[in-house]
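Okay, here's what each chain looks like letter by letter:
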Amino acid sequence: MSRRALLQVGAGLLLTTALSPRAVRAAPSTEYQVTAAPARARLAGPARPETDVWTYNGTVPGSLVRLRQGEPARLTVDSRIDQETTVHWHGIRLPNAMDGVPGLTQPPIKPGETFVYEFTPPDAGTFWYHPHSNSLEQLGRGLAGAVIVEEREVVAIDRDLLWFLADWRLTEDGEIASRFGNRMEAAMSGRVGNTVTLNGRVSETEAVRAGERVRLRLVNGSLARIMALRFEGHRPVIVAIDGQPCDAHEPERGRILLGPAMRVDVMIDMQGEPGRRYGVIDDFYDGLAYRLTELAYEERPPLRAHPLDASLDLPRNPLPEPDLATAERHDLTLQGGMMSSMMTGTGSMMGGGMMHGMMGMGGGPAWAINGMSMTGDGHAGMEPALTFQRGRSIVLAMRNETAWWHPMHFHGHSLRVLRRNGRPVLHRQWQDTVLMAPKDVVEVAFVADNPGDWMLHCHVIDHQMAGLMTVLRVA
Ligand code: C2O
Ligand code: CU
Ligand code: CU
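A brief structural summary. (Residues numbered from 1 in each chain as written. Chains lettered and ligands numbered in written order. Predicted model: local features only at pLDDT ≥ 70, side-chain atom pairs only at ≥ 80, totals over all residues. Heavy atoms only, no water.)

## Structural notes on the coordination of the copper ion (ligand 2)
Line of reasoning, step 1. The copper ion (ligand 2) binds to the protein through His88 (NE2) and His409 (NE2); the donor distances cover 1.8 Å. Placement of histidine 88 in strand β5 (residues 88–90) and of histidine 409 in strand β24 (residues 406–410) is noted, with a sequence separation of 321 residues between them.
Line of reasoning, step 2. Classification of histidine 88 by relative accessible area gives buried; the value is 1%.
Line of reasoning, step 3. Relative accessible area serves as the criterion here: at 1%, histidine 409 is assigned to the buried category. (Donors = N, O, S within 2.8 Å, 3.2 Å for Na, K, Ca; no water. Helix = DSSP H or I, 4+ residues; strand = E, 2+ residues; numbered from the N terminus. Buried < 20%, exposed > 50% of the residue type's maximum accessible area, 1.4 Å probe, protein only.)

In structure tokens form, the structure reads like this:
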């Protein structure tokens, strides 16, 4: 079965009937076998050469993993790539030993070895999985896939679609450019590529039907590319961010912002005209707007005369509400990058010692959190910067003192986003990856209820590797 067919079986089929209360649900397997192995993929369409990629189960994106909220899952990962790897289940609140960070939560999976991940996802929603070992190269070569955790309740939609978006840097002859870890890039925007795929291929059109309500799950699986999607002629409504339902709302100025690793679920009532096409534009970077795809309406008459009259809200997940009155407060200040004192060697913020010279350029870290640079990927001996007593409510004020954007990600918890630059964030949103603009200050809160050592890092992977990473312990 082709990957496309697979996605349709996985996503399309079961939800076309979701409107009837006795909807037939395909029993999702809670046992998965995931093999990391090289393969070839036609990323840029039939006219372009194939690309050597690294895959989960032979495809990019890797097999869709479909789990059920509150039901145990067992995922057996074996590796046939020729370097150590792990799998991290991004955004899922799971036991620390299942978090997939080499050296911190598990030994790395060596070539030819197997590791079994077992956990019960407490939250329904859109998540994803990727390596946490040499991630810049492993994610950059294609190791990534989506995880959908199904709600217990039926959601009133006609179709459930997944757009797994990924950014690639391809050479003229269609291969993945091999120089990973360019120091200059690491101190700037990171490795932004030149080819964006939707479910593993450059997309011309995506078929829709007039009158249908689609739940569209957007996943940004890029190393570094930030996206801002606009749907011409349509009004998507955001119903979940990073898997967590929020109050349904239209995105600001109609642009859906998606930092690397972020997920946004939108509901779209397809109110366009049968036979017409509508562009989906990503215009995040000034002067570099491009058409991600087009919604291509079938000729068939509308499915219904008026938009579906059902609530857009998704059932909330069982997240512990932080107690702001008694919360412990901490600051996390993001520092460094090109144009900072860290890069010119004139600053004193690192406190001398090993830190003089051309930070980042001469081989040292380019970034820091509270003056400390943890570099590379998961490794042994990562000491926690902060320790929280289990059950405490925590408020983190993240201050971006740099001139660059950072999608800041915390493992093992979801963060209630409270304020951005002093203003309350509306829509009761929870995120595991918070996109910060240059100079932004964002306050988030959570209950430290999941014991273990958890990474907090920028998900522009070059930034993480070059020092924008720390570990927080829940004891
Ligand atoms: Cu997508 Cu450390 O994670
Ligand atoms: Cu993660
Ligand atoms: Cu960053």
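## Some points on the side chain of threonine 470
Line of reasoning, step 1. Mapping threonine 470 onto the fold places it in strand β31 (residues 469–474).
Line of reasoning, step 2. Beyond its immediate sequence surroundings of up to four residues, threonine 470 is in contact with Ile369, Met374, Ala385, Trp454, Met455 and Leu456. (Contact = heavy atoms within 4.5 Å.)

## A word on empty space enclosed by the protein
Line of reasoning, step 1. If you walk through the whole model with that rule in mind, you get 6 cavities of 30 Å³ or more.
Line of reasoning, step 2. Roughly 110 Å³ of internal volume is contained in the second largest cavity.
Line of reasoning, step 3. Along the wall of the second largest cavity there are 14 residues; nearest its centre are Gly142, Phe164, Ala166, Trp168 and Gly221.
Line of reasoning, step 4. At the level of secondary structure, the elements contributing two or more residues to the lining of the second largest cavity comprise α2 (135–140) and β9 (159–168).
Line of reasoning, step 5. Examining the composition of the lining of the second largest cavity, we find that 4 residues originate from one element, β9, more than from any other. (1 Å grid on protein atoms, 1.4 Å probe; cavity = no way out; pocket = protein on both sides within 12 Å on 5 of 7 lines; lining within 4 Å. Points joined across faces, edges and corners; volume = space filled by probe spheres on them.)

## Section: the coordination of the copper ion (ligand 3)
Line of reasoning, step 1. Here the copper ion (ligand 3) is held by His406 (ND1), Cys458 (SG) and His463 (ND1), and the distances to it run 2.0 to 2.1 Å.
Line of reasoning, step 2. Binding-site remark: the copper ion (ligand 3) is held by donors from one chain whose sequence spacing is H-x51-C-x4-H. Of the two residues, histidine 406 sits in strand β24 while histidine 463 sits in helix α5 (residues 461–465), which places them 57 residues apart along the sequence. This pair shows no difference in class: histidine 406 is buried, exactly as histidine 463 is.

## A short note on the packing of aromatic side chains
Line of reasoning, step 1. Enumeration according to the criterion identifies 12 aromatic pairs in this entry.
Line of reasoning, step 2. Ring geometry for phenylalanine 284 and tryptophan 405: centres 5.1 Å apart, planes at 80°, overall edge-to-face. You can see phenylalanine 284 sitting in the loop between β18 (277–282) and β19 (290–297) and its partner tryptophan 405 sitting in the loop between β23 (393–400) and β24, a full 121 residues away along the chain.
Line of reasoning, step 3. Tryptophan 405 sits in the partly exposed class, given a relative accessible area of 30%.
Line of reasoning, step 4. For the cation-ring pair, arginine 191 lies above phenylalanine 180, with the distance from its terminal atom to the ring centre recorded as 3.9 Å. (Phe/Tyr/Trp six-rings, centres within 6.5 Å; stacked < 30°, edge-to-face > 60°. Lys NZ or Arg CZ within 6 Å of the ring centre and 35° of its normal.)

## Things to note about the pairing of strand β7 (residues 125–130)
Look at any regular strand and the pattern is simple: side chains alternate between the two faces of the sheet.
Line of reasoning, step 1. Across the 6 residues of β7, 6 count as buried, placing the element largely inside the fold.
Line of reasoning, step 2. Residues Gly125, Phe127 and Tyr129 of β7 are buried on one face, and the alternating residues Thr126, Trp128 and His130, pointing to the opposite face, are buried as well.
Line of reasoning, step 3. For β7 and strand β8 (residues 145–150), the ladder comprises 5 bridges, and the chain directions are antiparallel. Bridged to phenylalanine 127 within β8 is valine 147. (Pairing = 2+ DSSP bridges.)

## Re the nonpolar core
Line of reasoning, step 1. Counting 91 residues, the largest nonpolar core has Trp163, Leu216, Leu229, Phe231, Phe388 and Leu396 as the members making the most contacts within it.
Line of reasoning, step 2. For this core, the element with the most residues is β9, which contributes 7 residues.
Line of reasoning, step 3. Beyond its immediate chain neighbours, meaning those up to four positions away, leucine 396 contacts His330, Leu332, Phe388, Val442, Glu443, Val444, Phe446, Leu456 and Leu472. (Core = buried A, V, L, I, M, F, W, Y, C linked by side-chain atoms within 4.5 Å.)

## Considerations on the layout of surface pockets
Line of reasoning, step 1. Reported here for the largest pocket is a volume of approximately 980 Å³.
Line of reasoning, step 2. Elements with a contribution of two residues or more to the lining of the largest pocket: β14 (237–241), β16 (256–258), β25 (415–420) and β26 (423–424).
Line of reasoning, step 3. Grouping the amino acids of the lining of the largest pocket by side-chain chemistry returns 15 nonpolar, 5 polar and 7 charged.
Line of reasoning, step 4. For the lining of the largest pocket, the domains that each give at least three residues are domain 2 (161–297) and domain 3 (328–474). (Nonpolar A, V, L, I, M, F, W, Y, C, P; charged D, E, K, R; others polar. Domains from an automatic or database assignment.)

## Re the sheet that holds strand β6 (residues 114–119)
Line of reasoning, step 1. Here we have 4 strands laid out as an open sheet, ordered β2-β1-β4-β6, and mixed in their pairing. Among the strands making up the open sheet, the edge pair consists of β2 (51–56) and β6. Across the sheet, the axes of successive neighbouring strands diverge by a mean angle of 20°, strand direction being ignored.
Line of reasoning, step 2. Strand direction decides the pairing type here: strand β1 (residues 31–41) and strand β4 (residues 73–79), joined by 6 bridges, are parallel. Among the inter-strand pairings, threonine 35 is bridged to a residue of β4, identified as aspartate 78. (Axes fitted to C-alpha atoms, helices over the stretch in contact; angles between N-to-C directions.)

## Things to note about the pattern of salt bridges
Line of reasoning, step 1. Evaluated as defined, the whole model comprises 36 salt bridges.
Line of reasoning, step 2. Of the charged contacts in the structure, one is a salt bridge between arginine 300 and glutamate 298, with a shortest N-O distance of 2.7 Å.
Line of reasoning, step 3. Judged by its relative accessible area of 43%, arginine 300 is partly exposed.
Line of reasoning, step 4. With a relative accessible area of 27%, glutamate 298 lands in the partly exposed category.
Line of reasoning, step 5. Arginine 392 serves as the salt-bridge partner of glutamate 328, at 3.6 Å between the closest nitrogen and oxygen. Of the two residues, glutamate 328 sits in strand β20 (residues 328–336) while arginine 392 sits in the loop between β22 (386–388) and β23, which places them 64 residues apart along the sequence. (Salt bridge = Lys/Arg side-chain N within 4 Å of Asp/Glu carboxyl O.)

## With respect to the side chain of arginine 209
Line of reasoning, step 1. Its location among the elements puts arginine 209 in the loop between β11 (206–208) and β12 (213–220).
Line of reasoning, step 2. At 4.8 Å, glutamate 298 is the nearest oppositely charged side chain to arginine 209, a buried residue that forms no salt bridge.
Line of reasoning, step 3. In contact with arginine 209, other than residues within four places in its own chain, are Met270, Tyr297, Glu298, Arg300, Pro301, Pro302 and Leu303. (Lys, Arg positive; Asp, Glu negative; His and termini not counted.)

## Things to note about the pairing of β23
Line of reasoning, step 1. Extensive coverage of β23 is indicated by the burial of 7 of its 8 residues.
Line of reasoning, step 2. Summarising the sheet, β20 and β23 pair through 7 bridges and their orientation is parallel. Each bridged residue has a counterpart across the sheet, and for histidine 330 the counterpart in β23 is leucine 396.
Line of reasoning, step 3. Relative to strand β29 (residues 441–447), β23 is paired through 7 bridges, and the arrangement is antiparallel. Its bridge partner being in β29, isoleucine 394 is matched across the sheet by phenylalanine 446.

All we've got here are geometric facts, nothing functional implied.
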